[in-house]
Amino acid sequence: MNSNYNERKSFYTLLVSSLFFPIHEYLKCHNSVSVRKQLEISQWWPRQQIEQFQFTRLRRLLFYAQANVPYYHGLFAEIGFNPTEINSLADLKHLPLLDKAKIRNNIDAFKSIKAQKLARFNTGGSSGEPLVFYIGNERISHDVAAKWRATRWWDVDIGDPEIVVWGSPIELDAQDSIRVLRDRLFRSKLLPAFEMSEQKLNIFLKEIQSQRPRMLFGYPSALAHIAGHAEKIGMQMDNLGIRVAFVTSERLYDDQRQQISKVFGCSVANGYGGRDAGFIAHECPVGNMHITAEDIIVEITDHHGIPLPPGQSGEIVITHLASSDFPFIRYRTGDIGSLDDKLCSCGRGLPLLREIQGRSTDFVMAQNGTVMHGLALIYILRNLPQISAFKIIQESLNLTRVWVVSEIGLDPTISEMIKHKFQSRLGQNVEIIIEEVAEIPKEKSGKFRYVMSKVSPN
Ligand SMILES: [Zn+2]
């Protein structure tokens, strides 16, 4: 590749990141451009200044929620809480934890009466409990800006050629003309991660070779699987100019990191967060997970919601400071982790998450040998209002068990629909057993895996 081409490439990236993408955001009424600029300044603040900033925003959020959000208006009255009594971040502990059931049972009361435009989302989360919730423009802008900032830590930017290996059928359905145009403009190419047959893997590798992306984005398990296939067939992938692989949505295992890094000849940057909880933390080039502290307060709590000191493991609980349209205050992620109070040598004052143990999804294998991401099955159950929790256990190639928690009971037509959809993914002759249970037991490690396959893909 000659230098001329490189210059042209970076000029195009500059055009996208400083013109096309800002226009795109402006048209969507997002102020992510100015938020990102502010975040790039505040990331270098000393920790005390960041905490003072969090405190100011927390008070503002609590006052706003009391005045404009029916759920919090009622809750504060009920427990006798007054936002004027908040004197430090630690006072947050006087508020109860928020779990998915509370949101599910009060969904409309969580919407601010002043909310202008709310986008509906749903997630299985890391806990496997489906949740429908809403996000306003303020939060979207902040989450986009936080992701954008972290992208730039790695010397890449929006507009650099990117390959995205992702599995959401919602996003795949949205392959309308505007989306296709936007992806082309931003040089982002989506490869669906659902099916990972040998034939598909070959196509993916050829696509990556011809696109020569500067960055990869996807589930660690999916990228590691693609990397493993390249190694198996002896395809060289480390000479394409890939700088970094961004991975998220799952726990990143060390062997996956090594595999991806070796095969693609790039760094691997871990990200932690979700649609529900926001862009919680991201790895910097030194290798530490920095919390998006300007927007998100992370607490690690015990079973009673009591915050634990750095170094101790507990549930990751977040308060999203840009969520006034639909507040997430002391929201339980269901993930287990711990804080780290050391300073990172990169110089950023943003606090650190030491460890995240809770995320794990798995691959499942269809009867014909096609390996697919567990999310292919999760999405079938995720959006059904009758189901409040589930777990999928692939016992063998011929039998998959589905545990379902349903408060109102599962309608036979829904059961049939689930069986039918599972069979269309796993094979028509696969036996699907749906069992209604009172609750889904956690695994010994405390982790929750919503898919557990006893069929090894390798
Ligand atoms: Zn750092």
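A. Geometry of the overall build of the chain. Counting its regular elements, the chain contains 13 helices and 19 strands. By the compact-globule yardstick of 23 Å for 458 residues, the chain fits well, its C-alpha radius of gyration being 22 Å. Across its three principal axes, the chain shows a C-alpha extent of roughly 65 × 60 × 45 Å. Taking all 458 residues of the chain together, the buried fraction comes to 55%. Across the chain, contacts joining residues at least 24 apart in sequence account for 71% of those joining residues at least 6 apart. With an accessible surface of roughly 20400 Å², the chain has 51% of that area assigned to carbon and sulfur atoms. Computing the positive centroid from 53 side-chain charges and the negative centroid from 50, the chain places the two 4 Å apart.

B. Representation of the state of the cysteines. Following the criterion strictly, the structure yields zero disulfides and no others. The thiol of Cys266 is not disulfide-bonded; the next cysteine sulfur, from Cys284, is found 16 Å away.

C. Broad picture of a nonpolar patch on the surface. Taken together, the side chains of Leu19, Ile23, Tyr26 and Leu27 present a nonpolar region at the surface, about 470 Å² in accessible area. Positionally, Leu19 belongs in helix α1 (residues 3-27). Judged by its relative accessible area of 39%, Leu19 is partly exposed.

D. Representation of the sheet that holds strand β12 (residues 331-340) within the structure. Pairing in this open sheet of eleven strands is mixed, and the strands run β4-β3-β5-β6-β7-β8-β9-β13-β12-β11-β10 from one edge to the other. Taken across any chain shown, the strands that pair with only one partner, and hence form the sheet edges, are β4 (188-192) and β10 (296-301). Direction aside, the axes of adjacent strands within the sheet are offset by 35 degrees on average. Direction of pairing for strand β5 (residues 215-218) relative to strand β6 (residues 244-247): parallel, over a ladder of four bridges. Counterpart to Leu216 in the pairing with β6 is Ala245. Docked against the sheet, helix α11 (residues 254-264) engages β5, β6, β7 (267-274) and β8 (278-283), running at close to 135 degrees with respect to β7.

E. Quick look at the packing of aromatic side chains. Applying the stated criterion across every chain yields a total of 17 aromatic pairs. Summarising the aromatic geometry, the rings of Tyr134 and Phe326 are spaced 5.9 Å apart at their centres and angled 50 degrees between planes, so their arrangement reads as tilted. On the criterion of sequence distance, the pair formed by Tyr134 in strand β2 (residues 131-136) and Phe326 in the loop between β11 (314-320) and β12 is long-range, its members being 192 residues apart. The same class applies to Tyr134 as to Phe326, namely buried. Arranged with centres 4.3 Å apart and planes meeting at 20 degrees, the rings of Trp166 and Tyr219 form a pair that is stacked. With Trp166 in strand β3 (residues 162-166) and Tyr219 in the loop between β5 and α10 (220-233), this pair connects stretches of sequence that are 53 residues apart. Following the ring pairs from residue to residue traces out a cluster consisting of Tyr71, Tyr72, Phe76, Phe81, Phe110, Phe121, Phe133, Tyr134, Phe326, Phe328 and Tyr331. Sitting over the face of the ring of Phe217, Lys147 holds its NZ or CZ atom 4.6 Å from the ring centroid.

F. How the structure looks around the coordination of the zinc ion. Coordination sphere of the zinc ion, protein contribution only: Cys284 (SG), His290 (NE2), Cys344 (SG) and Cys346 (SG), at 2.1 to 2.3 Å. Because the angles between the four donor atoms bound to the zinc ion fall within 100 to 123 degrees, the donor set is best described as tetrahedral. Between the donor residues of the zinc ion, the gaps in sequence give the motif C-x5-H-x53-C-x1-C. Here Cys344 and Cys346 have matching classes, each one buried.

G. Structural view of the nonpolar core. In terms of nonpolar packing, the biggest core is built from 127 residues, with Tyr72, Met196, Phe264, Val298, Leu353 and Phe422 touching the most fellow members. Per-element accounting of this core gives the leading share, seven residues, to helix α12 (residues 375-382). Core analysis: the next-biggest nonpolar cluster, separate from the first, contains six residues, Val16, Phe21, Val33 and Ile158 among them.

H. Representation of the pairing of β10 in the model. By the criterion of burial, β10 is predominantly enclosed, with six of the six residues buried. The two faces of β10 match: Ile296, Val298 and Ile300 on one face and Ile297, Glu299 and Thr301 on the other face are all buried. Inspection of the sheet shows β10 paired to β11 by six bridges, in the antiparallel sense. Within β11, the residue paired with Val298 across the bridge is Ile318.

I. A look at the pattern of salt bridges. The tally for this structure, following the rule as stated, stands at 19 salt bridges. Put simply, Glu40 and Arg36 hold a salt bridge, and the shortest N to O gap is 3.3 Å. Taken together, the residues Glu40 and Arg36, both in helix α2 (residues 32-42) and four residues apart, mark about one turn of the helix. For Arg36, a relative accessible area of 7% gives the class buried. Here Glu395 ties to Lys454 by a salt bridge, and the two come within 2.9 Å at their closest N and O atoms. You can see Glu395 sitting in strand β16 (residues 389-396) and its partner Lys454 sitting in the segment after β19 (451-453), a full 59 residues away along the chain. According to the relative accessible area criterion, Glu395 is partly exposed, its value standing at 24%. One network of salt bridges, in which partners are shared, links Arg36, Glu40, Arg152 and Asp157.

J. Structural context of helix α3 (residues 47-68). With 22 residues, α3 should cover 32 Å at 1.5 Å per step; its first-to-last C-alpha distance of 31 Å lies within 8% of that length. Those residues of α3 lying buried are Arg47, Ile50, Gln54, Phe55, Arg57, Leu58, Leu61, Leu62, Ala65 and Asn68. Turning to α3, the residues buried within the fold contact α2, α4 (70-79), α6 (137-153), β10, β11 and β12.

K. Examining unusual backbone geometry more closely. Residue Asp155 is not a glycine yet carries a positive backbone phi of 65 degrees. A positive phi angle, close to 55 degrees, is found at Arg187, a residue other than glycine. Judged by relative accessible area, Arg187 falls into the partly exposed class, the value being 24%.

Reading the values: the criteria
Residues numbered from 1 in each chain as written. Predicted model: local features only at pLDDT ≥ 70, side-chain atom pairs only at ≥ 80, totals over all residues. Heavy atoms only, no water. Helix = DSSP H or I, 4+ residues; strand = E, 2+ residues; numbered from the N terminus. Rg over C-alpha atoms; globule rule 2.2 N^0.38 Å. Buried < 20%, exposed > 50% of the residue type's maximum accessible area, 1.4 Å probe, protein only. Contact = heavy atoms within 4.5 Å. Areas by Shrake-Rupley, 256 points an atom, 1.4 Å probe, with all protein chains shown as cover. Lys, Arg positive; Asp, Glu negative; His and termini not counted. Charge placed at Lys NZ, Arg CZ, Asp CG, Glu CD. Disulfide = S-S within 2.5 Å. Patch = residues over 30% accessible without salt bridge, like charges linked within 9 Å, V, L, I, M, F, W, Y side chains within 5 Å. Salt bridge = Lys/Arg side-chain N within 4 Å of Asp/Glu carboxyl O. Pairing = 2+ DSSP bridges. Axes fitted to C-alpha atoms, helices over the stretch in contact; angles between N-to-C directions. Phe/Tyr/Trp six-rings, centres within 6.5 Å; stacked < 30°, edge-to-face > 60°. Lys NZ or Arg CZ within 6 Å of the ring centre and 35° of its normal. Donors = N, O, S within 2.8 Å, 3.2 Å for Na, K, Ca; no water. Tetrahedral: all angles 85-135°; square planar, octahedral: opposite > 155°, others 65-115°. Core = buried A, V, L, I, M, F, W, Y, C linked by side-chain atoms within 4.5 Å. Expected span 1.5 Å × (residues − 1).

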